[in-house]
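Residue strings, one per chain:
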Amino acid sequence: MPHPEFVGLVNTLQATAEAALGDLNAATASAARDGLLDQSRARQTAERSLKLLTMLAEKTRGNLDFTEADLLTGAIGSLRARLEEQPAPPTELPMFGGPNSGN
């Protein structure tokens, strides 16, 4: 039988990532679509949740029941796919010609 706190932890980390990417509810999806979310920060949040889930999978390997392992594997796969389909936001390049640029 799956441990309720483990299930809650996995679901919380997955929901955090989905909310950051605008997938969780209509309000965040609308804000993401309208360009009102900081895409760089949202992606960092989602990537951090994915890293935590991956670390959790590594540290608990062999100690989970089938339901827990399936839940964790599904959450990791879902977030990886979501991050792969969303291109990384462009990084800002330094402005040329500014007072500190030497131009």
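Overview of the structure. Keep in mind the model is a prediction, meaning the values are calculated, not measured. Residue numbers here run from 1 along each chain, matching the order of that chain's written sequence. The predicted origin of the model limits local features to residues at a pLDDT of at least 70 and limits the giving and counting of side-chain atom pairs to 80 or more, whereas totals for whole chains, interfaces and linings rest on all residues. With hydrogens and water excluded, all non-hydrogen atoms of the structure serve as input to the side-chain values.

**Re the pattern of salt bridges**
One speaks of a salt bridge when a side-chain nitrogen belonging to Lys or Arg is within 4 Å of a carboxyl oxygen belonging to Asp or Glu. Counted by the stated rule, this structure contains 2 salt bridges. For glutamate 47, the salt bridge identified is with arginine 43, shortest N-O distance 3.0 Å. Placement of the pair is glutamate 47 and arginine 43 together in helix 3 (residues 39-60), with a separation of 4 residues, close to one helical turn. Here the term buried applies to any residue with accessible area under 20% of the maximum for its type, exposed to any over 50%, and partly exposed to those in between, with areas from a 1.4 Å probe on protein chains only. Judged by its relative accessible area of 30%, glutamate 47 is partly exposed. Taking the shortest distance from any N to any O, the salt bridge between arginine 82 and glutamate 85 comes out at 3.6 Å. Residue arginine 82 and its partner glutamate 85 are both found in helix 4 (residues 66-85); the two are separated by 3 residues, about one turn of the helix. The exposure class of arginine 82 is buried, given its relative accessible area of 18%. Helix and strand assignments come from DSSP, with helices taken as H or I runs of at least 4 residues and strands as E runs of at least 2, each series counted from the N terminus.

**Here's the deal with the environment of glycine 74**
With respect to the secondary-structure elements, glycine 74 resides in helix 4. Assessed through its relative accessible area of 39%, glycine 74 is described here as partly exposed.

**Quick look at helix 4**
Taking 1.5 Å as the rise per residue, helix 4 with 20 residues should run 28 Å; its terminal C-alpha atoms sit 28 Å apart, in good agreement. By definition in these notes, contact holds between two residues if any of their heavy atoms fall within 4.5 Å. Tucked inside the fold, the buried residues of helix 4 contact helix 1 (4-20) and helix 3. A helix's residues, less one, multiplied by 1.5 Å, set its expected span.

**Here's the deal with the nonpolar core**
Throughout this description, the term nonpolar core refers to a set of buried Ala, Val, Leu, Ile, Met, Phe, Trp, Tyr and Cys residues connected via side-chain atoms within 4.5 Å. Of all hydrophobic cores here, the largest spans 15 residues; its most connected members are Val10, Leu53, Leu72 and Ile76. Elements that contribute at least two residues to this core include exactly helix 1, helix 3 and helix 4. Dropping the residues within four chain positions of it, leucine 53 is found in contact with Val10, Leu13, Gln14, Leu72, Ala75, Ile76 and Leu79.

**Brief notes about the packing of helix 3 against helix 4**
Fitted lines through C-alpha atoms serve as axes, helices being fitted only where they are in contact, and the angles separating the N-to-C directions of these axes extend from 0 to 180 degrees. Direction vectors running N to C along helix 3 and helix 4 enclose 150°, while the axes themselves pass 10 Å from each other. In this view, helix 3 runs roughly antiparallel relative to helix 4, as classed from their interaxial angle. Helix 4 is crossed by helix 3, and the crossing has left-handed handedness. Within the contact between the two elements, helix 3 uses Arg43, Ala46, Glu47, Leu50, Leu53, Thr54, Leu56, Ala57 and Thr60 and helix 4 uses Leu72, Ala75, Ile76, Leu79, Arg80 and Leu83. In this count, Pro and Cys sit with the nonpolar residues alongside Ala, Val, Leu, Ile, Met, Phe, Trp and Tyr, while Asp, Glu, Lys and Arg are called charged and the others, Gly among them, polar. Considering only residue class, the contact of helix 3 with helix 4 consists of 10 nonpolar, 2 polar and 3 charged. Each angle receives one of four descriptions, namely roughly parallel if under 35 degrees, roughly antiparallel if over 145, roughly perpendicular if within 65 to 115, and oblique otherwise. By definition, turning the near helix anticlockwise from the far helix through less than a right angle yields a left-handed crossing, and turning it clockwise yields a right-handed one.

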